[in-house]
Amino acid sequence: MILIVDDKQENLISLKKVLVKNGFEVDTASSGEMALRKVLKKSYVLIILDVQMPGMDGFEVAQAISGYSKAKETAIIFLSAASIENKFITQGYSSGGLDYITKPVEMNILLLKVKTFYRIYEQSRKLNEMQKALLQEIEIRKRAESKKDEFISIASHELKTPLTSIKGYLQVLERNVNIGNTDTMKYHVQKVHKQVEKLNELVADLLDISRIESGEMKFKMASFCAGDMIENVVEVVRQGNPSFNFIVNCHIEEAIEGDEMRLEQVLMNFLTNAVKYAPDSKKIVVTALLENGHAYFSVRDFGMGISNEHIESVFKKFYRVEETSLRFQGLGIGLYISRQIIERHGGKIGVKSKQNEGSEFFFTIPIHNKE
Ligand code: ADP
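Analysis parameters
Residues numbered from 1 in each chain as written. Predicted model: local features only at pLDDT ≥ 70, side-chain atom pairs only at ≥ 80, totals over all residues. Heavy atoms only, no water. Helix = DSSP H or I, 4+ residues; strand = E, 2+ residues; numbered from the N terminus. Buried < 20%, exposed > 50% of the residue type's maximum accessible area, 1.4 Å probe, protein only. Areas by Shrake-Rupley, 256 points an atom, 1.4 Å probe, with all protein chains shown as cover. Lys, Arg positive; Asp, Glu negative; His and termini not counted. Charge placed at Lys NZ, Arg CZ, Asp CG, Glu CD. Phe/Tyr/Trp six-rings, centres within 6.5 Å; stacked < 30°, edge-to-face > 60°. Pairing = 2+ DSSP bridges. Axes fitted to C-alpha atoms, helices over the stretch in contact; angles between N-to-C directions. Contact = heavy atoms within 4.5 Å. Expected span 1.5 Å × (residues − 1). Polar contact = N/O pair within 3.5 Å; in protein donor to acceptor, adjacent residues only side chain to side chain. Salt bridge = Lys/Arg side-chain N within 4 Å of Asp/Glu carboxyl O. Near = heavy atom within 4 Å. Nonpolar A, V, L, I, M, F, W, Y, C, P; charged D, E, K, R; others polar. Core = buried A, V, L, I, M, F, W, Y, C linked by side-chain atoms within 4.5 Å.

K.L.:
Help me understand the overall build of the protein, please; the structure alone is not making it clear to me.
P.N.:
Across its full length, the protein holds 11 helices and 12 strands. Counting only C-alpha atoms, the protein reaches 110 × 50 × 40 Å along its principal axes. Counting across all 371 residues of the protein, residues that qualify as buried make up 39%. Total accessible area on the protein stands at roughly 21,400 Å², and carbon and sulfur atoms take up 53% of it. Between the mean site of the 49 positive side-chain charges and the mean site of the 49 negative ones, the protein shows a separation of 2 Å.

Encoded structure:
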C-alpha cells in the first residue's frame, strides 16, 4: 500500500488516480500529522511525501517516522519544488529507500520510481521469507540430528543388553560342557535362542527404518484370513507372557487383502506394547471387525495409558514418552514403522487412551487393497 501525503487536495486526487490506474493500492493524508497517525496504525511499502506543507513539513514527517518499527521497510519519495540538497536525503531517514521528484510531477518518472521501489520491496520480502524458512529448516535439522544421536546411543544400549546376556549364557554353557551336564546346557541354549531372537527383531526394525527412509519398503499384497493372522500373533505373545489373559473377538469371516507379514508385524507391535506398558493388568482384548468397506483391528490394554500431551506424538520416529522411557526398554520406532505400513495399505492408524485407564491401539485397512 502507498501513502500519499499532500496538503493540496487536487494533488492528492490526481496522484491517487494515476497510481490506482496502474494497479497500486493507495491511501492519502492531507497533513504531516495525519500521515504520522496513519503510519502508526498501518504498514506502507512507500510514502510519497510533499515537502512543503503547513504545520509539519515533509522532512519532519520523515524524521519522525524513521523511529517507528512499522515503517522499518518503508521507502519515501519526496515531492519538492526545488531539487533536494543532499543533507536532507542523508539527514533524517535511514529506514527504507529514499528518493525525490521535483514539482511539477512528471507522472512517468514517478511511476518508474514507484515500480522500482515495489520491485525492491518484493525482492527483500522474498529474501526475508527465504531467510526465515532457512532458519526454520536449520532448527528442524538440528533437532533431528540430536534425536538421531540419542537414538544411536539407545540403539547401541538395546543391542548390547542381549549381547551381554548371550556372552554370559555361553560362558555357563562352556562350563557345563566340561562337566557334561546336558539338562543345564539345554536350558541355557534356550536362553541364548531367546536373546538371539531379540537381537534379530531389533536389527529387523533398524533395517525397516532405513528401508522407509530410502523408500524401499516392499509390500506383497495377497488375500489372507484375518482370524488366522490374529491367532498366530496372539499365540506367540501368549507363549512369552503366560500370565496374561488374551481375549480375541474376531468378526471378520471373509478374506481380506494386504501384506499379511507386515500387518502381523503391526499387530505384534501393538500386542508387545500392551504387555510391556500394562505390566500390572492381566487382560488384553483383541478385536477385528468390518466397517464401511474397511477391516478394523484393535488391541486394548488396561495399563498406564497415554496422557493427551503425548498421544499425538507416539507414532513419530524415535518418540518415547519421557516419564516412562527409563522404566521400559525400547527404541521408539515400532509405532512409526507400523504407521508407515498402514499408510502404505491406504489405511489409518490411531490410538484412544486415558492415563491410568489403558489404551486402545487400532488400524483400519480397505478390504480390497490395490497397492
Ligand atoms: P518403544 O515401545 O520401543 O518405545 P513404540 O514406537 O512401539 O516404541 O512406542 C512409542 C511410545 O509410545 C512408547 O515409548 C510408549 O511411551 C508409548 N506406548 C506405546 N504403546 C503403549 C501402550 N500400550 N500404553 C502406553 N504407552 C504406550
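K.L.:
Looking at this model, I keep getting lost on the packing of aromatic side chains. Mind explaining?
P.N.:
By convention here, two paired aromatic rings are described through the distance between centres and the angle between planes. According to the stated counting rule, one finds 11 aromatic pairs in the structure shown. When the centroid spacing of 6.2 Å and the interplanar angle of 40 degrees are considered together, the rings of Phe 244 and Phe 246 count as tilted. Ring centres 5.7 Å apart and planes at 20 degrees place the aromatic pair Tyr 296 and Phe 362 in the stacked group. Here the residue Tyr 296 occupies a position in strand β10 (residues 294-301), and Phe 362 occupies one in strand β12 (residues 358-366), the gap between them amounting to 66 residues. Residue Tyr 296 is classed as buried on the basis of its relative accessible area of 10%.

K.L.:
Explanation requested: the sheet that holds strand β3 (residues 46-50) in the structure shown.
P.N.:
Whether parallel or antiparallel, the strands of a sheet pair through hydrogen bonds between backbone atoms. Here we have five strands laid out as an open sheet, ordered β2-β1-β3-β4-β5, and parallel in their pairing. Every interior strand has two partners, whereas the edge strands, β2 (26-29) and β5 (98-102), have only one. Going across the sheet, the axis of each strand differs from the next one's by a mean of 20 degrees, ignoring polarity. Sheet analysis places strand β1 (residues 2-5) next to β3, joined by four bridges and oriented parallel. Note on β3: the bridge partner recorded for Leu 3 is Ile 47. Against the sheet, helix α5 (residues 107-179) touches β1, β3, β4 (75-80) and β5, its axis set at about 170 degrees to β5.

K.L.:
What am I meant to see in the sheet that holds strand β7 (residues 245-250) here?
P.N.:
As summarised here, the arrangement of the five strands in space is β7-β9-β10-β12-β11, forming an open sheet in which the pairing is mixed. Taken across any chain shown, the strands that pair with only one partner, and hence form the sheet edges, are β7 and β11 (348-354). Across the sheet, the mean angle separating the axes of adjacent strands is 15 degrees when strand polarity is ignored. Against the sheet, helix α7 (residues 226-240) touches β7, β9 (283-291) and β10, its axis set at about 175 degrees to β7.

K.L.:
Sorry if this is basic, but what is going on with helix α8 (residues 260-276) here?
P.N.:
Because an α-helix packs 3.6 residues into every turn, residues spaced three or four apart end up facing the same way. In this model α8 runs 24 Å from its N-terminal to its C-terminal C-alpha over 17 residues, within 8% of the 24 Å that 1.5 Å per residue would give. Sitting at the head of α8, Asp 259 places a side-chain oxygen 3.2 Å from the backbone nitrogen of Met 261.

K.L.:
Before we go on, may I ask you to explain the pattern of salt bridges in this structure?
P.N.:
This model, assessed by the stated rule, comprises 13 salt bridges. Note that Lys 38 and Asp 27 form a salt bridge whose closest N and O atoms lie 3.0 Å from each other. With Lys 38 in helix α2 (residues 32-41) and Asp 27 in strand β2, the pair connects residues that are 11 residues apart, well separated along the chain. Residue classification places Lys 38 among the partly exposed positions, given a relative accessible area of 23%. When salt bridges with common partners are traced through the structure, they connect Asp 6, Asp 50 and Lys 103 into a single cluster.

K.L.:
What's the story with the site of the ligand in this structure? I'm lost.
P.N.:
Surrounding the ligand, one finds 20 residues, the nearest of these being Asn 273, Tyr 277, Asp 301, Arg 320 and Leu 335. Contacts to the ligand include Asn 273, whose side-chain N or O atom sits 2.8 Å from an oxygen atom. In the model, an oxygen atom of the ligand is placed 3.2 Å from a nitrogen or oxygen of the Gly 334 main chain. Expressed as a share of its isolated accessible area of 540 Å², the protein-covered part of the ligand is 96%. Breaking the shell around the ligand down by element, the ones donating at least two residues are α8, α11 (334-344) and β12. Among the elements that make up the shell around the ligand, the one with the highest residue count is α8 (three residues). Of the residues belonging to the shell around the ligand, the class tally is nine nonpolar, eight polar and three charged.

K.L.:
How should I be thinking about the nonpolar core in this particular structure?
P.N.:
Counting 50 residues, the largest nonpolar core has Ile 256, Leu 271, Phe 297 and Phe 363 as its most contacted members. With seven residues, the top contributor of residues to this core is α8.

K.L.:
How should I be thinking about the environment of Ser 165 in this particular structure?
P.N.:
Summarising the element assignment, Ser 165 is placed in helix α5. Overall, Ser 165 belongs to the partly exposed group, its relative accessible area being 24%.

K.L.:
Can you help me understand the environment of Ile 256 in this one?
P.N.:
Along the chain, the position of Ile 256 falls in strand β8 (residues 256-258). Accessibility expressed as a relative area gives 1% for Ile 256, which makes it buried. Put simply, Ile 256 and Ile 13 are 243 residues apart on the chain and 73 Å apart in space, counted from C-alpha to C-alpha. Leaving out residues up to four positions away in the same chain, Ile 256 has contacts with Ala 222, Ser 223, Phe 224, Ala 226, Ala 295, Phe 297, Ile 365 and Ile 367.

K.L.:
Looking at this structure, how should I read α5?
P.N.:
Given a rise of 1.5 Å per residue, 73 residues ought to cover 108 Å, and the 107 Å separating the end C-alpha atoms of α5 matches this to within 8%. Those residues of α5 not exposed but buried are Leu 110, Leu 111, Val 114, Phe 117, Tyr 118, Phe 151, Ala 155, Glu 158, Pro 162, Ile 166, Leu 173 and Asn 176. Structurally, α5 contributes buried residues whose contacts are with β1, α1 (9-21), β3, β4, β5 and α6 (182-213).

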